[in-house]
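Each chain, written out:
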Amino acid sequence: MKTDKVLTVRVAGRRLRKLMRARGIKRQSELITRLLEEEEERLESLAVLRQTAGAARRSDFDDRLL
């Protein structure tokens with residue numbers, strides 16, 4: 001069973017508060033969690049795009065719709 005590690009990271013307070021205000025987030029942990037979730041989603045999307053790149057064939061499109 002793998003356990004989570006607690007990390008301590010130094011981040012400029014001004015930078016952190018600016019992002020928190022922009023996103024309407026009150027707690028630092030919530031901001032960090034949301035940023036990590038967004039990055040994970042971005043990486044998953046990128047992987048899907050790489051897998052499907054070039055998968056469409058010319059016959060998959062109807063020229064009348066373009």
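Higher on the page you've got the structure.
All of these numbers come straight from a predicted model, not from anything done at the bench.

### Thoughts on the overall build of the chain
Consideration 1: Looking only at helices and strands, the chain features two helices and zero strands.
Consideration 2: Its C-alpha atoms give the chain principal-axis dimensions of roughly 55 × 35 × 15 Å.
Consideration 3: The 66 residues of the chain split such that 6% are buried.
Consideration 4: Carbon and sulfur atoms make up 53% of the accessible area of the chain, which totals about 7,000 Å².

### Examining the packing of helix H1 (residues 13-23) against helix H2 (residues 28-52)
Consideration 1: For the pair H1 and H2, the least separation of the axes is 10 Å and the interaxial angle reads 75°. Between H1 and H2, the interaxial angle falls into the category roughly perpendicular. Across from Leu-16, Leu-19, Met-20 and Arg-23 in H1, the residues of H2 making contact are Gln-28, Leu-31, Arg-34, Leu-35 and Glu-38.
Consideration 2: Looking at the contact of H1 with H2 residue by residue, the classes come out as five nonpolar, one polar and three charged.

### Quick notes on the pattern of salt bridges
Consideration 1: Overall, the coordinates contain three salt bridges when judged by the stated rule.
Consideration 2: Residue Arg-23 is joined to Glu-38 by a salt bridge in which the shortest nitrogen-to-oxygen separation is 2.8 Å. Note that Arg-23 is positioned in helix H1 and Glu-38 in helix H2, a separation of 15 residues in sequence.
Consideration 3: Arg-42 is the salt-bridge partner of Glu-39, the closest N and O atoms lying 2.7 Å from each other. Of the two residues, Glu-39 and Arg-42 both sit in helix H2, three residues apart, roughly one turn of that helix.

Rules and cut-offs
Residues numbered from 1 in each chain as written. Predicted model: local features only at pLDDT ≥ 70, side-chain atom pairs only at ≥ 80, totals over all residues. Heavy atoms only, no water. Helix = DSSP H or I, 4+ residues; strand = E, 2+ residues; numbered from the N terminus. Buried < 20%, exposed > 50% of the residue type's maximum accessible area, 1.4 Å probe, protein only. Areas by Shrake-Rupley, 256 points an atom, 1.4 Å probe, with all protein chains shown as cover. Axes fitted to C-alpha atoms, helices over the stretch in contact; angles between N-to-C directions. Parallel < 35°, antiparallel > 145°, perpendicular 65-115°, else oblique. Contact = heavy atoms within 4.5 Å. Nonpolar A, V, L, I, M, F, W, Y, C, P; charged D, E, K, R; others polar. Salt bridge = Lys/Arg side-chain N within 4 Å of Asp/Glu carboxyl O.

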